[in-house]
Amino acid sequence: MAKILIVGGAGYIGSHVCRALAARGDLPIVFDNLSSGHEHAVKWGPLVRGDIRSFAELERAFSEHRPDAVMHFAANIEVGEGQIYPRAFWDNNVGGVITLLNAMERADIKPLVFSSTCAVYGEPEIVPITEKEKCEPVSVYGRTKRAVEIMLSDIAARDGVRFAALRYFNAAGASPDGDIGEEHDPETHLIPNALKAAAGLGGGMKLFGADYATRDGTCVRDYIHVLDLATAHLAALDRVMAGPGGFFCNIGTGNGASVLEVLSAVERVTGRPVPFEKHARREGDAPELLADISYARSWLGFSPQFSDIETIIDDAWRFHKKAWGIS
Ligand code: UDP
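Structural notes, computed from the coordinates. Here the structure is a predicted model, which means the values were calculated and not measured. (Residues numbered from 1 in each chain as written. Predicted model: local features only at pLDDT ≥ 70, side-chain atom pairs only at ≥ 80, totals over all residues. Heavy atoms only, no water.)

## Side note on the packing of helix α6 (residues 190-198) against helix α10 (residues 309-324)
Each pair of packed helices gets described by two things: the angle between the helix axes and the distance between those axes. Contact geometry of α6 with α10 gives a least axis separation of 10 Å together with a crossing angle of 60 degrees. As judged from the angle between their axes, α6 and α10 are oblique. Two packed elements cross with a definite hand, and for α6 against α10 that hand is right-handed. Where α6 abuts α10, its residues Ile-191, Pro-192, Leu-195 and Lys-196 lie against Ile-309, Ile-312, Ile-313, Ala-316, Trp-317, His-320 and Trp-324. Along the lines of polarity and charge, the residues of the contact of α6 with α10 split into 9 nonpolar, 1 polar and 1 charged. (Axes fitted to C-alpha atoms, helices over the stretch in contact; angles between N-to-C directions. Helix = DSSP H or I, 4+ residues; strand = E, 2+ residues; numbered from the N terminus. Parallel < 35°, antiparallel > 145°, perpendicular 65-115°, else oblique. Left-handed = near helix turned anticlockwise from the far one by under 90°. Contact = heavy atoms within 4.5 Å. Nonpolar A, V, L, I, M, F, W, Y, C, P; charged D, E, K, R; others polar.)

Below, the structure written as structure tokens:
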């Protein structure tokens, strides 16, 4: 059994990774300040309340629990918010990781799995996107994640830190039993907002941009089920625990759905209409983001199992119905 410190383990993706680790016999120790995570999502190991920017709190967690590796999920993620509060994003997303790396160094822990994002690519020239695509992020959020990637490369080359930087495409879905899922406040993501509109909560939803040069004019994204994402994390963890070096790896499916295709799938799955209004484009939205996952397939043995759009929406709908008290 390995003990893994899950920084941000009370959040959406972190909690699914905890569950997957526990299912294979590892012990996830959640370190989270609960600023956006949820205590009720910590079920598979102890919770240490602490902030990634506090060396003392991290040091205490390391000396009390003596983990073998660290997985990092604790970050500000709302792209629009980052444009308004860049200092907070740099402080938490980059400053927090520097503090984490210093605490890992003090505790002599080398392996780190880091949550990166397809936002590091900005507006890619070639889609599907391989890891060789240029990284020119167009948002504060993307730049903070890219900055950490660069920092990890530099430090790994010198200090023996071993890292995986997983570049997620669009994480979506929930655990099939409806137990844990996506709970952001405010919610900005497409699938939960479409489900909310289908449920008749808060009126219709806004569709941002119907004039893109895509098959139906709306943005195309690569939605990856959070269960598949969790599986990819376990494989990446095994890689960083097994040997030296670091790597960057796309985690998606290679298949895309447009916003309108997602809304149709929501109508099919829920059996309810999704009222929406067309609005202007949202700043910073690229027309099409699709992963080339050849590297994830060969290096991590990754093969998405649950990521067709209807399964994703079906699981998300079950979770949200439970959370919203809908039968
Ligand atoms: N989107 C939308 N209405 C919403 C939320 C999202 O039209 O209420 C669109 C958004 O403009 C983008 C796609 O849905 O084209 C996916 O957005 P999301 O925020 O879910 O993920 P992102 O790709 O920005 O990480």
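## Describing the site of the ligand
Taken together, 15 residues form the shell around the ligand, and within it Leu-190, Lys-206, Arg-221, Arg-282 and Asp-285 come nearest. Between the ligand and Asn-193, the relevant distance is 3.1 Å, taken from an oxygen atom to a side-chain nitrogen or oxygen of the residue. The separation between an oxygen atom of the ligand and a polar side-chain atom of Arg-282 is 2.7 Å. If the ligand stood free it would expose 510 Å²; the protein chains cover 87% of that surface. The set of elements that each furnish at least two residues to the shell around the ligand consists of α6 and β8 (205-208). A total of 4 residues in the shell around the ligand trace back to one element, the largest contributor, which is β8. (Near = heavy atom within 4 Å. Polar contact = N/O pair within 3.5 Å; in protein donor to acceptor, adjacent residues only side chain to side chain. Areas by Shrake-Rupley, 256 points an atom, 1.4 Å probe, with all protein chains shown as cover.)

## Comments concerning α10
Relative to the 22 Å expected for 16 residues at 1.5 Å per residue, α10 spans 22 Å between its end C-alpha atoms, a close match to the ideal helical length. Along α10, the residues that are buried comprise Ile-312, Ile-313, Asp-315, Ala-316, Trp-317, Phe-319 and His-320. At its buried positions, α10 is contacted by β7 (170-172), α6, β10 (223-225) and α8 (259-270). Gly-325 sits one or two residues past α10 and shows a positive phi near 70 degrees. (Expected span 1.5 Å × (residues − 1). Buried < 20%, exposed > 50% of the residue type's maximum accessible area, 1.4 Å probe, protein only.)

## Section: the sheet that holds strand β11 (residues 246-251)
The strand order across the open sheet built from 7 strands is β3-β2-β1-β4-β5-β6-β11, with neighbouring strands paired in parallel fashion. Since the sheet does not close on itself, it has two edges, and those belong to β3 (47-49) and β11, each with one partner. Between one strand axis and the next, the sheet turns through 20 degrees on average, direction left out of account. Helix α2 (residues 55-65) rests against β1 (3-7), β2 (27-32), β3 and β4 (69-72) of the sheet, and its axis sits at about 160 degrees to β2. Sheet strands in contact with helix α5 (residues 140-159) are β4, β5 (111-117), β6 (162-168) and β11, and its direction is about 150 degrees off that of β5. (Pairing = 2+ DSSP bridges.)

These values are about where atoms sit, not about what they do.
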